[in-house]
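# Tertiary structure, described
Chain by chain, the residues:
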Amino acid sequence: MIHKYKLFDQNIVLDVNSGSVHLLDDLSYSLLDFDIAAMDTPTEEIKKAFSEYSGEAVEECFDELKSLQKEGLLFSEDLIDPQKVKNFRLDPPVKALCLHICHDCNLRCRYCFAETGTFHGERSMMSREVGFKAIDFVLEKSRNRKNIEVDFFGGEPLMNFDVVKDIVSYARSKEKEYGKTFRFTLTTNGMLLDDDIMEYLNENMSNIVLSLDGTKEVNDYLRPDTQKSGSYDKIIDKYKKLAKLRNQDNYYVRGTFTAHNLDFTKDILHIADEGFFQTSMEPVVLKEGHPLAIREEHLEQLKQEYEKLALEYVKRRKEGNPFNFFHFMIDLEQGPCVIKRISGCGAGSEYVAVTPTGDIYPCHRFAGEEGYKMGSVFDGTMDEAIKRTFINSNVYTKKDCGECFAKFYCSGGCHANSCLIAGGMDQPYKIGCELEKKRVECAIAIQALLAE
Ligand code: SF4
Ligand code: SF4
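Residues numbered from 1 in each chain as written. Chains lettered and ligands numbered in written order. Predicted model: local features only at pLDDT ≥ 70, side-chain atom pairs only at ≥ 80, totals over all residues. Heavy atoms only, no water.

### Structural notes on the site of ligand 2
Around ligand 2, the neighbouring residues are Cys 401, Cys 404, Lys 407, Cys 410, Gly 412, Gly 413, Pro 428 and Cys 433. Taken together, the residues of the shell around ligand 2 sort by class into five nonpolar, two polar and one charged. (Near = heavy atom within 4 Å. Nonpolar A, V, L, I, M, F, W, Y, C, P; charged D, E, K, R; others polar.)

Below, the structure is given as structure tokens:
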């Protein structure tokens, strides 16, 4: 399978199965409109279609494309057998936890999928006891796997910071005995950051996600606090300090764009202009009818925004004033391993979320959702049927993914978007797909432009 597209005056061809990218001249690019994979020499139909070119030129381009085919760089076959991957991960170890350390929040973001921290339940905090049980759970369920990841999530995790610290100490105290290494991360809205907390985070968290939606106007509209006052002025300087202390590495300033800021490029550039090197911005995912939901009629504008962002991204890199944007940083040389490439994040099997009551869900997005509770850290159970549904979902089982050029970058999309928004595990979330495909196209085009 190939995907050909024109972007930024470049004729780009992605050979989906090999991951090879080719930049072609107009003639070679147009030749690919014909089924040349099945031909040995240019047909009469091709010669007629390209009569304005000399016969030699057509044959030369044709031969070059056929050489690429012989080398396995064009029209390459998919070597993965969909039947074989159906049960290819029989019982993977649990290697990552999302700890819902606090089901409460000091912000009232207008698009919050977690109902401003409650996840469809009561406002509550994870106790030390539950946190330690969660660590015991992952120590056992990770089996032979050495490295374990624990993400502190909320609500707002810093509202329960003492318990965060105790869980980190408890996990570290078990590392030697169990032969494990814990890697901690934390996502925060920044409201409670102070110098002591920053120092602790810098010593103990491998990565930190700092939530900010862009300009003051946009952020304050979307992310007010409990008193309906904007959060921007309360967090921006702390974020700058933290990013500096982390040498502009191992953090992300992460935003969400919504129907309110379809022109989100300006928000990302604002974040970069404020001196942040690591940026990320995700489209909001909300049920149809929510006033901030992305709708199909927004797609064209959003795609143009990604193009605008891509050009600015390249311009700044060439001028020596770069920033990173998470979705543009795809590795064309060496993507993730094949399992990740076809089945994504591992939610529901390798990665689970634990709520303040110790309940286990496939990931943070499913917390509190009826029908998705998998078990409890108190008895170590994990519902086999739910686990199997998640393990068996991959780009070969999801409708449309098998034929999608972006499948090895997207890995079949987010399970929560499929299950909670699109209507089922095998249903890709169409709006997300359109944006993902555009991001992949831009990311590839960026690499071509940077190589010029
Ligand atoms: S900071 Fe996070 S949990 Fe709190 S309201 Fe905003 S989106 Fe929801
Ligand atoms: S973009 Fe959509 S259709 Fe394509 S692989 Fe991802 S989820 Fe599947």
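Further notes follow.
### So, the site of ligand 1
The environment of ligand 1 is made up of Cys 105, Leu 107, Cys 109, Cys 112, Thr 116, Gly 155, Asn 189 and Arg 223. Its residues placed into classes, the shell around ligand 1 shows four nonpolar, three polar and one charged.

### Observations regarding helix α10 (residues 265-273)
In an α-helix, one turn spans 3.6 residues, which is why side chains three or four residues apart end up on the same side. Counting buried positions along α10 gives seven out of nine residues, so the element sits mostly inside the fold. Of all the positions in α10, only Thr 265, Asp 267, Ile 268, Leu 269, His 270, Ile 271 and Ala 272 are classed as buried. In the stretch just after α10, Gly 275 is the one whose phi turns positive, near 100 degrees. (Buried < 20%, exposed > 50% of the residue type's maximum accessible area, 1.4 Å probe, protein only. Helix = DSSP H or I, 4+ residues; strand = E, 2+ residues; numbered from the N terminus.)

### Let's talk about the sheet that holds strand β3 (residues 20-23)
With respect to topology, three strands assemble into an open sheet ordered β1-β2-β3, the strand pairing being antiparallel. Each edge of the open sheet carries a strand with a single partner, namely β1 (2-7) and β3. Across the sheet, the mean angle separating the axes of adjacent strands is 20 degrees when strand polarity is ignored. Of the pairings in the sheet, the one linking β1 to strand β2 (residues 10-15) comprises six bridges and is antiparallel in character. Counted as the bridge partner of Ile 2 is Asp 15 from β2. This element, helix α16 (residues 430-451), spans β1, β2 and β3 of the sheet and lies at about 70 degrees to β1. (Pairing = 2+ DSSP bridges. Axes fitted to C-alpha atoms, helices over the stretch in contact; angles between N-to-C directions. Contact = heavy atoms within 4.5 Å.)

### Looking at the layout of surface pockets
Computed from the structure, the second largest pocket encloses a volume of approximately 320 Å³. Every residue lining the second largest pocket is counted, 16 residues in all, and those nearest its centre are Phe 113, His 120, Leu 286, Lys 287 and Glu 369. Partitioned by chemical class, the residues of the lining of the second largest pocket number nine nonpolar, two polar and five charged. (1 Å grid on protein atoms, 1.4 Å probe; cavity = no way out; pocket = protein on both sides within 12 Å on 5 of 7 lines; lining within 4 Å. Points joined across faces, edges and corners; volume = space filled by probe spheres on them.)

### Details of a negative patch on the surface
On the surface, Asp 25, Asp 26, Glu 56, Glu 59, Glu 60, Asp 63 and Glu 64 cluster together into a negatively charged patch. No other element matches the five residues that helix α3 (residues 55-70) contributes to the negative patch. Counting through the fold element by element, Asp 25 comes out in the loop between β3 and α1 (26-31). (Patch = residues over 30% accessible without salt bridge, like charges linked within 9 Å, V, L, I, M, F, W, Y side chains within 5 Å. Areas by Shrake-Rupley, 256 points an atom, 1.4 Å probe, with all protein chains shown as cover. Salt bridge = Lys/Arg side-chain N within 4 Å of Asp/Glu carboxyl O. Lys, Arg positive; Asp, Glu negative; His and termini not counted. Charge placed at Lys NZ, Arg CZ, Asp CG, Glu CD.)

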